[in-house]
Amino acid sequence: MAENIGTKFGRELNSFFYFVIINVVFSGLAMGLSISFAILNILAVADGIMKGVLFNWGSVPLWISPQVFLAALGVIAAGFSMRWLIYSSQMLADADGFKKEYLKSQQLSDGLTSLIMRAMAYYRAKKTTIQMLVLVCRVGGICFLISAGLQILNGFLVLSAAFDPFLLAGIVASVLASAAVGVAGLILPRYFSSYSSTWDYRLKEGEKAEEELRKMMGGSE
Amino acid sequence: MKTGRRTEFEIYWEILSFCKSGQTFTQIVGRCDLNSKIAQDYLNFLGDKGYIAKVNEEGKGIYRTTAKAGEYLALFTKLYQELFDNSPEFKL
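Residues numbered from 1 in each chain as written. Chains lettered and ligands numbered in written order. Predicted model: local features only at pLDDT ≥ 70, side-chain atom pairs only at ≥ 80, totals over all residues. Heavy atoms only, no water.

### What to know about the packing of aromatic side chains
Thought 1: Within this structure, the stated rule accounts for 21 aromatic pairs over all chains.
Thought 2: When the centroid spacing of 5.4 Å and the interplanar angle of 80° are considered together, the rings of phenylalanine 98 of chain A and tyrosine 122 of chain A count as edge-to-face. One end of the pair, phenylalanine 98 of chain A, is in helix α2 (residues 66–105); the other, tyrosine 122 of chain A, is in helix α3 (residues 111–161), and 24 residues separate them in sequence.
Thought 3: Aromatic rings pair up to connect Phe9, Phe16, Phe19, Tyr102, Tyr123, Tyr191, Phe192, Tyr195 and Trp199 of chain A together with Phe84 and Phe90 of chain B into one cluster. (Phe/Tyr/Trp six-rings, centres within 6.5 Å; stacked < 30°, edge-to-face > 60°. Helix = DSSP H or I, 4+ residues; strand = E, 2+ residues; numbered from the N terminus.)

Rendered as structure tokens:
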């Protein structure tokens, strides 16, 4: 049984490790993209204001300019992406620590039990962070999907005035990158939920185990 | 690696497992990530249960897990390995 449990723990640890790496990659991409969107659009808005274009844009008020929305979205998405990246990086360090412990545990008699116990303690401590990550990922994902939509709208407005194939290629690439990060932001929380439900089940079973241990200890409280 | 949020039973197991080979108080505090007062409370409790004994070796106070603690260690290991084995697996 111990060998099977060890193999299962190792497989699960690998899944968690790669999942966290995917999160670090996408959160890094999300932060880079959102900062670049924010800066480019803030510059575009500033340029418009300096030229008086945005203030005197016929009867269209400044606040419905797509660049203003994109700049605001970029700033919001950058904030969420940063939280996403920070949480993911912390979890990557933890997953790496577990991998090292797992390698060491194979030479120790109590190594596997110690790892299971530590993984349970880790999940108890990180449960709130994981719930926060689910929220941050989703909000970030939605921001990027809205951003992709606004970029299409903005691209359509710009290209309909003067068609430029290089600009079109740039807009398509930018929309695809935003959409990819947006979709990732909506898919990754499903895996976090799956990870949570697995460990919630174990914590619940752990409470039953605690009862048996309490009986043996004759009530330690 | 940080120890996370452990239950009292997990801390008992960690102390007993670590003290199989005999450890000083300082080593227990460091390895089990406990403060001195809490570590002393746990050691007193385990001592009262007869699961751990303090002996003097080469002028040092050494805490050593007793044979009686084997029942607790065995039950804990069985329960924790079973709960992990019987639970669904997280897969990518």
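### Observations concerning the environment of glutamine 67 of chain A
Residue and element names in this part refer to chain A.
Thought 1: Its place among the elements puts glutamine 67 in helix α2.
Thought 2: In this structure the C-alpha to C-alpha distance between glutamine 67 and asparagine 154, which are 87 residues apart in sequence, comes to 7.7 Å.
Thought 3: Discounting residues that sit within four places of it in the chain, glutamine 67 has contacts with Asn41, Ala44, Val45 and Asn154. (Contact = heavy atoms within 4.5 Å.)

### Some details on the packing of helix α4 (residues 165–217) of chain A against helix α4 (residues 70–85) of chain B
Relative orientation and spacing of two packed helices are given, respectively, by the angle between their axes and the distance between those axes.
Thought 1: In the contact formed by α4 of chain A and α4 of chain B, the axes pass within 9 Å of each other and the chain directions differ by 160°. Compared by their axis directions, α4 of chain A and α4 of chain B come out roughly antiparallel. Handedness of the crossing formed by α4 of chain A with α4 of chain B: right-handed. In this structure, α4 of chain A contributes Trp199, Arg202, Glu205, Gly206, Ala209, Glu212, Leu213, Met216 and Met217 of chain A to the contact, and α4 of chain B contributes Glu71, Tyr72, Leu75, Phe76, Leu79, Tyr80, Leu83 and Phe84 of chain B.
Thought 2: Taken together, the residues of the contact of α4 of chain A with α4 of chain B sort by class into 12 nonpolar, one polar and four charged. (Axes fitted to C-alpha atoms, helices over the stretch in contact; angles between N-to-C directions. Parallel < 35°, antiparallel > 145°, perpendicular 65-115°, else oblique. Left-handed = near helix turned anticlockwise from the far one by under 90°. Nonpolar A, V, L, I, M, F, W, Y, C, P; charged D, E, K, R; others polar.)

### Here's the deal with the environment of arginine 64 of chain B
Residue and element names in this part refer to chain B.
Thought 1: With respect to the helices, strands and loops of the structure, arginine 64 is situated in strand β2 (residues 60–65).
Thought 2: With a relative accessible area of 29%, arginine 64 lands in the partly exposed category.
Thought 3: When the C-alpha atoms of arginine 64 and alanine 53 are compared, they prove to be 5.3 Å apart, with 11 residues separating the residues in sequence.
Thought 4: Apart from the residues lying within four places of it in its own chain, the contact partners of arginine 64 are Cys19, Lys20, Ser21, Gly22, Tyr51, Ile52, Ala53 and Glu57.
Thought 5: A distance of 2.9 Å separates polar atoms of two side chains, one belonging to arginine 64 and the other to glutamate 57. (Buried < 20%, exposed > 50% of the residue type's maximum accessible area, 1.4 Å probe, protein only. Polar contact = N/O pair within 3.5 Å; in protein donor to acceptor, adjacent residues only side chain to side chain.)

### As for α4 of chain B
Thought 1: Here α4 of chain B contains 16 residues, and its C-alpha end-to-end distance of 22 Å stays within 8% of the 22 Å for a straight helix at 1.5 Å per residue.
Thought 2: Looking at α4 of chain B, one finds that the buried residues are Tyr72, Leu73, Leu75, Phe76, Leu79, Tyr80, Gln81, Leu83 and Phe84 of chain B. (Expected span 1.5 Å × (residues − 1).)

### Overview of the confidence of the model for chain A
Thought 1: Looking at chain A as a whole, its pLDDT mean stands at 86, while 91% of the residues score no less than 70.
Thought 2: Within chain A, no element has a lower average pLDDT than helix α1 (residues 2–51) of chain A, which sits at 87, and none a higher one than α4 of chain A, at 92. (pLDDT = per-residue confidence, 0-100.)

### A word on the pairing of strand β1 (residues 52–57) of chain B
Strand residues, when the strand is regular, have side chains that alternate between the two faces of the sheet.
All names here are of chain B.
Thought 1: Pairing of β1 with β2 involves six bridges; the strand directions are antiparallel. Its bridge partner lying in β2, alanine 53 is registered against arginine 64.
Thought 2: Linking β1 back to β2 in an antiparallel pair, the connection comprises two residues, with glutamate 58 at a positive phi of about 50°. (Pairing = 2+ DSSP bridges.)

### Some words on the interface of chain A and chain B
Thought 1: Contacts between chain A and chain B engage 48 residues on the former and 38 residues on the latter.
Thought 2: For the pair chain A and chain B, the summed buried area comes to about 4,200 Å², and 68% of that belongs to carbon and sulfur atoms.
Thought 3: Our count for the contact surface shared by chain A and chain B stands at five salt bridges.
Thought 4: One salt bridge connects lysine 20 of chain B with aspartate 110 of chain A, and the closest N-O pair in it is separated by 2.7 Å.
Thought 5: At the surface where chain A touches chain B, the tally comes to 15 residue pairs in polar contact (both at pLDDT 80 or more).
Thought 6: Elements supplying a minimum of two residues to the side of chain A that touches chain B: α1, α2, α3 and α4 of chain A. (Buried area = accessible area lost by both parts, 1.4 Å probe. Salt bridge = Lys/Arg side-chain N within 4 Å of Asp/Glu carboxyl O.)

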